[in-house]
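# Reading the structure
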Amino acid sequence: MRGGTRDEASPGAALLLVPMPFTYEDVGATRDGRCPPGFHPLHVRTRIGEGHEVFRTASRALMTWELHRAIGVTVTTDAAEAAPGVDVTVGLGPLVKAPCRIVWTLDEPRRAGWAYGTLPGHPESGEEAFVVDRTGDGTVWLTVTAFSRPAKWYAKAGGAATRGLQHAYARRCGTVLRRMCADDEAV
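The chain goes by DUF1990 domain-containing protein in an unreviewed UniProt entry, where it is assigned to Streptomyces apricus.

The structure is reproduced here in C-alpha cells:
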C-alpha cells in the first residue's frame, strides 16, 4: 500500500487510500527559505562546477535519485523522478528508514530541485530541499536547506551530534555531486 492507510468504514466498500499526514505544519516553507519556530535550520551550499553540461548532469542526477543512491543511502520509491506527491523512503543502513513525500519541485532553465517533507516513522520532523542552480557567470551550485527537530527518541538523544550528521550529509551531497559531474565531463 503506497503512501496511505486503509479506510475500512463499511464492509464491501472499495479500498480507499488516505495519504499519511506530514509530521509538521509548515509544509513548503523551504521553497521560501523559511525556518518555522522550534526547528533547527540547515543551509549548505557547494560549488559543483561550471557550464551548461555540468548543470544538466547535476540536475538529472538530483531529479532521478541518482545523487542520493551515489551517496550510499537506499531510496525506495515507485517514481523514476521527483514530483509533487511522490512518496520516498530513504534508508540509512539496515535500521533507519525515513519516509518522506515530495512537497515541491523546480524545473527551470537555470534551477532544478525538490523538497521532501517527513511522514510518520521518520526520525526527524521537518523538510529538506535540494536545489541545483546555475548563476549568471555559469557557476553551478548545489544548495541543501532544511528545517528539522527530533521526532524519535534516538534523534532526541543524539542532540547536537544528530544536527552534525545532518550537516555532514548535506556536505557529502555536494562532494558526491561534484565528483559525478567531473566524471561526466571527463567522458
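To continue, consider the pairing of strand S5 (residues 87-92). The sheet contact formed by strand S4 (residues 74-76) and S5 spans three bridges and is antiparallel. Of the residues in S5, the one forming a bridge with Thr 74 is Gly 91. With six bridges connecting them, S5 and strand S6 (residues 96-107) associate as antiparallel partners. Within S6, the residue paired with Asp 87 across the bridge is Arg 101. Taking the residues between adjacent antiparallel strands as the criterion, S5 and S6 are bridged by three residues, where Gly 93 takes a positive phi near 70°.

Turning to the sheet that holds strand S7 (residues 111-118), a few remarks are in order. Across the sheet, seven strands lie side by side as S3-S9-S8-S7-S6-S5-S4; this open sheet has antiparallel pairing. Two strands bound the open sheet, and with one partner strand each, they are strand S3 (40-50) and S4. Geometrically, the sheet is characterised by an average inter-axis angle of 25° between neighbouring strands, direction not taken into account. Sheet strands touched by helix H1 (residues 52-63): S3, S6, S7, strand S8 (124-134) and strand S9 (139-150). Its angle to S8, the strand with the most contacts, is close to 155°.

Before going further, it helps to spend a moment on the packing of aromatic side chains. Overall, the coordinates contain eight aromatic pairs when judged by the stated rule. Taking the centre distance of 5.9 Å and the plane angle of 85° together, the rings of Tyr 116 and Phe 130 count as edge-to-face. With Tyr 116 in strand S7 and Phe 130 in strand S8, the pair connects residues that are 14 residues apart, well separated along the chain. For the residue pair Tyr 116 and Phe 130, the accessibility class agrees, reading buried in each case. Aromatic ring contacts, followed pair by pair, group Phe 22, Tyr 24, Phe 39 and Phe 147 into a single cluster. Lying across the ring of Trp 141, Arg 45 places its NZ or CZ 4.0 Å from the centre.

Mapped onto the fold, Thr 46 is located in strand S3. For Thr 46, the residues in contact, after removing those within four places along its chain, are Val 140, Trp 141, Leu 142, Gly 174, Thr 175 and Arg 178.

This part is about the environment of Ala 83. Checked against the element boundaries, Ala 83 lands in the loop between S4 and S5. In this structure, the C-alpha to C-alpha distance between Ala 83 and Trp 104, residues 21 residues apart in sequence, is 7.0 Å. Ignoring sequence-local partners within four residues, the contact set of Ala 83 consists of Ile 102 and Thr 105.

Helix length check: H1 (12 residues) gives 16 Å between terminal C-alpha atoms against 16 Å at 1.5 Å per residue, within 8%. By the burial criterion, the buried members of H1 are Val 54, Phe 55, Thr 57, Ala 58, Ser 59, Ala 61, Leu 62 and Met 63. Just past H1, the residue Trp 65 takes up positive phi, approximately 75°.

Let us now look at the confidence of the model for the chain. Looking at the chain, the pLDDT average stands at 88 and 88% of residues meet or exceed 70. Low confidence marks residues 1-13, where pLDDT is under 50. Its contacts with residues over four positions away, or in another chain, come to 21 contacts.

One finds Leu 67, Trp 114, Tyr 116 and Leu 177 to be the most contacted residues of the largest nonpolar core, which totals 38 residues. When residues in this core are grouped by element, the largest group, seven residues, is from helix H4 (residues 160-186). One finds Phe 39, Val 103, Trp 104 and Ala 115 within the second-largest nonpolar core, a separate group that totals 10 residues.

Reading the values: rules and limits
- Residues numbered from 1 in each chain as written.
- Predicted model: local features only at pLDDT ≥ 70, side-chain atom pairs only at ≥ 80, totals over all residues.
- Heavy atoms only, no water.
- Pairing = 2+ DSSP bridges.
- Helix = DSSP H or I, 4+ residues; strand = E, 2+ residues; numbered from the N terminus.
- Axes fitted to C-alpha atoms, helices over the stretch in contact; angles between N-to-C directions.
- Contact = heavy atoms within 4.5 Å.
- Phe/Tyr/Trp six-rings, centres within 6.5 Å; stacked < 30°, edge-to-face > 60°.
- Buried < 20%, exposed > 50% of the residue type's maximum accessible area, 1.4 Å probe, protein only.
- Lys NZ or Arg CZ within 6 Å of the ring centre and 35° of its normal.
- Expected span 1.5 Å × (residues − 1).
- pLDDT = per-residue confidence, 0-100.
- Core = buried A, V, L, I, M, F, W, Y, C linked by side-chain atoms within 4.5 Å.

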